[in-house]
Amino acid sequence: MIHFDNVTKVYPNQNRPALQHVNVAVEKGEFLFLVGPSGSGKSTFLRLVLKEERPSQGHVHVAGKDLSRLTNWKIPHLRRRIGCVFQDFRLLPNKNVFENVAFALEVIGKPKRFIAKVVPEVIDLVGLEGKQHRMPDELSGGEQQRVAIARAFVNRPMILLADEPTGNIDPATSIGIMKVLDRINRTGTTVVMATHDAAIVDAFRKRVVELEDGRVVRDQSRGVYGQAY
Amino acid sequence: MRVQFVLQEIWIGLRRNLTMTISLVITVAIAMALFGTGLLIKAQVDNSKSYWDGKIQVSIFLCLKGSPTVACNNTAATPADRQALTDTLHKIPNVISVDYEDQAHALARFKAEYANNPAFANSTQIGDIPDSLRVKLRDPSKFDEVRTAVSGAKGVDQIINEADILKKFFRILDGLKWASLLIALIQMFAAIMLVANTVRLSAFNRRRETGIMRLVGASNLYIQLPFILEGAIAGLVGGLVSTIMLIGAKLFLIDKLQGQVQFATQLGWGSTIMIIIFSICIGVLLCAGSSFLTLRRYLRI
């Protein structure tokens, strides 16, 4: 599903590469934790999958397609098949829960009837039944992140990328968020989650890829956060 | 494409930047009004020029008893002088016709031309306007051969080329035309920068929305269209306001001119409407174009 083939990324005006010779293959339906300290290249990894950045060397394949061969005007179609969740939720403060989720479908031109049917389903899926008309500032952090996950998943993407989704949330609430991500993973969606939340990684026992200074230093199925534990 | 969604986005954008939008509308309106006025004057000049090119005459006024001109020597021109002059003129190939206009006819024509100013017309009497030879030229620009042929000849008082008077009139209009086009150009430049600023503000205000649109895979057209249409709508409203100004310019400048100066010919509403439509189109394209170019800088895809 995601295939990094000897990928190196050097940002302009920086000596140290953000990623160096990374080879990672993520299969369809897998759940992958991407761990490592800040600046180890986790976000760069995710940005390369979205083609927000281009690799300086090597190739990134997503869903069997070489992203370097993807023309600019086809990038939106790639992104429609990838959902994204961030640490800071990125909800629109002037739209309620329903509208925030519906926005993702409106802007790709889905018909109103389809939106009216699909959005409540996904809001239920993330566990926000009955909160459709709340505004983001009336929700807790965990609930806001659930809205963000609903928005990322409403178009049923093949891949869900989550960049520190529990970074702003207390541990107890994080478990709930992880359960939502797990539920999404069970529908067959590939999930890649960048995190440095050791407790969560240890509790879930999924595949772990550890990055350090842009290199893959560990790739373990059913791994834990750090070998020291 | 969800039209309603795009329209809603445009409305939000315009409302959030209300002051910028208003200043943009005003600038575009003034730019387009001046641009259109320049075009109106140009149309008026072209129209009058082609009308008058076929009618311009040279008047050779003949001496009267008591003419102050030295060449007249205080004696009136005789019919023999007149005949000699006519013969001389007929020898010039560029001359189409030579007509003699006596004092009675000259007075009648004068009164007809100044019919809307009866006090002036009535105070003029027979004898105030000398009799003249009216010469029609094939090519009005070759007036000098006529002047050299007859100036100083016996019985010639004054040679007046109507083209010279028209030239003065056209020069004033040309000046007006260039002044309005120049100011229009400066205003258009200001409008382009205002659009750039408005779009930049708009893009900044909506960076959350556009960021999410990008992530969920909205097409570039979907992301950019509201901004471009925002510019285009401001341009259109500006153009419509300029229409009012242009109708004013037509009524109070061009038509007044025609009332006051008998050289000016009537400029029809047809060409005025064409100019207005043209100005509006230019305004819309200008705004849409510059917002498109600005977007390429401030909206990452």
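Please read all numbers here as calculations on a predicted model, not as lab measurements.

Some thoughts on the overall build of chain A
- Counting its regular elements, chain A contains seven helices and 10 strands.
- Taking 229 residues into account, the globule formula puts the C-alpha radius of gyration at 17 Å, and chain A, at 17 Å, falls close to it.
- With the C-alpha coordinates of chain A rotated into their principal frame, the extents come out at 45 × 45 × 35 Å.
- Counting the 229 residues in chain A, one finds 54% classified as buried.
- Put simply, 68% of the contacts in chain A that link residues at least 6 apart link residues at least 24 apart.
- Total accessible area on chain A is roughly 10,300 Å²; 47% of this is exposed by carbon and sulfur atoms.
- In chain A, the 33 positive side-chain charges and the 25 negative ones have mean positions that sit 7 Å from each other.

Quick look at the domain arrangement of chain B
- Here chain B is described as being made up of domain 1 (3–52 + 167–298) and domain 2 (55–161).
- Computed from C-alpha coordinates alone, the two centres of domain 1 of chain B and domain 2 of chain B are separated by 50 Å.

Structural notes on the domain arrangement of chain A
Residue and element names in this part refer to chain A.
- Domain annotation for chain A reports domain 1 (1–81 + 158–229) and domain 2 (91–156).
- The C-alpha centroid of domain 2 is placed 24 Å from the C-alpha centroid of domain 1.
- Counting residues at the interface gives 14 residues for domain 1, matched by 12 residues for domain 2.
- Summing both sides of the interface, domain 1 and domain 2 together bury roughly 1,100 Å²; the carbon and sulfur share of this comes to 70%.
- Joining domain 1 to domain 2, the criterion identifies zero salt bridges.
- Applying the counting criterion to the domain 1 and domain 2 interface returns three residue pairs in polar contact (both at pLDDT 80 or more).
- It is helix 6 (residues 171–186) that contributes the most residues to the side of domain 1 that touches domain 2, seven residues altogether.
- Broken down by class, the residue content of the side of domain 1 that touches domain 2 amounts to eight nonpolar, four polar and two charged.

What to know about helix 1 (residues 42–49) of chain A
Residues and elements named next belong to chain A.
- Extensive coverage of helix 1 is indicated by the burial of six of its eight residues.
- What helix 1 keeps buried is the set Lys42, Thr44, Phe45, Leu46, Leu48 and Val49.
- Just downstream of helix 1 lies Lys51, where phi reads positive at about 55 degrees.

Overview of the interface of chain A and chain B
- If you look at the interface, chain A gives 25 residues, while chain B gives 20 residues.
- Of the roughly 1,900 Å² buried at the junction of chain A and chain B (both faces included), carbon and sulfur atoms supply 56%.
- Counting the surface chain A buries against chain B, the share from its top three residues, Arg79, Phe103 and Val107 of chain A, is 28%.
- Between chain A and chain B we count one salt bridge in total.
- Glu52 of chain A serves as the salt-bridge partner of Arg214 of chain B, at 3.0 Å between the closest nitrogen and oxygen.
- Linking chain A with chain B are four residue pairs in polar contact (both at pLDDT 80 or more).
- Elements that contribute at least two residues to the side of chain A that touches chain B include exactly helix 2 (75–79), strand 6 (82–86), helix 3 (97–106) and helix 4 (112–125) of chain A.
- For the side of chain A that touches chain B, the per-class residue count stands at 13 nonpolar, two polar and 10 charged.

Here we look at the packing of aromatic side chains
- By the definition in use, this model includes three aromatic pairs over all chains.
- When the centroid spacing of 4.1 Å and the interplanar angle of 5 degrees are considered together, the rings of Phe4 of chain A and Phe45 of chain A count as stacked. Separated by 41 residues along the polypeptide, Phe4 of chain A in strand 1 (residues 2–9) and Phe45 of chain A in helix 1 bring together distant segments of the chain. For the pair Phe4 of chain A and Phe45 of chain A, a shared accessibility class is recorded, and that class is buried.
- A cation over a ring is seen here: Arg206 of chain B above Phe227 of chain B, with NZ or CZ 4.3 Å from the ring centre.

Quick word on the packing of helix 7 (residues 162–205) of chain B against helix 10 (residues 269–298) of chain B
Residue and element names in this part refer to chain B.
- At a minimum axis separation of 8 Å, helix 7 and helix 10 run at an interaxial angle of 45 degrees. Judged by the angle between their axes, helix 7 and helix 10 are oblique. Read as a crossing pair, helix 7 and helix 10 show a hand that is right-handed. Touching Met188, Ala191, Ile192, Val195, Ala196, Val199, Arg200 and Ala203 of helix 7 are Leu286, Cys287, Ser290, Ser291, Thr294, Leu295 and Tyr298, all from helix 10.
- Partitioning the contact of helix 7 with helix 10 into residue classes produces 11 nonpolar, three polar and one charged.

So, how was this worked out
- Residues numbered from 1 in each chain as written.
- Chains lettered and ligands numbered in written order.
- Predicted model: local features only at pLDDT ≥ 70, side-chain atom pairs only at ≥ 80, totals over all residues.
- Heavy atoms only, no water.
- Helix = DSSP H or I, 4+ residues; strand = E, 2+ residues; numbered from the N terminus.
- Rg over C-alpha atoms; globule rule 2.2 N^0.38 Å.
- Buried < 20%, exposed > 50% of the residue type's maximum accessible area, 1.4 Å probe, protein only.
- Contact = heavy atoms within 4.5 Å.
- Areas by Shrake-Rupley, 256 points an atom, 1.4 Å probe, with all protein chains shown as cover.
- Lys, Arg positive; Asp, Glu negative; His and termini not counted.
- Charge placed at Lys NZ, Arg CZ, Asp CG, Glu CD.
- Domains from an automatic or database assignment.
- Buried area = accessible area lost by both parts, 1.4 Å probe.
- Salt bridge = Lys/Arg side-chain N within 4 Å of Asp/Glu carboxyl O.
- Polar contact = N/O pair within 3.5 Å; in protein donor to acceptor, adjacent residues only side chain to side chain.
- Nonpolar A, V, L, I, M, F, W, Y, C, P; charged D, E, K, R; others polar.
- Phe/Tyr/Trp six-rings, centres within 6.5 Å; stacked < 30°, edge-to-face > 60°.
- Lys NZ or Arg CZ within 6 Å of the ring centre and 35° of its normal.
- Axes fitted to C-alpha atoms, helices over the stretch in contact; angles between N-to-C directions.
- Parallel < 35°, antiparallel > 145°, perpendicular 65-115°, else oblique.
- Left-handed = near helix turned anticlockwise from the far one by under 90°.

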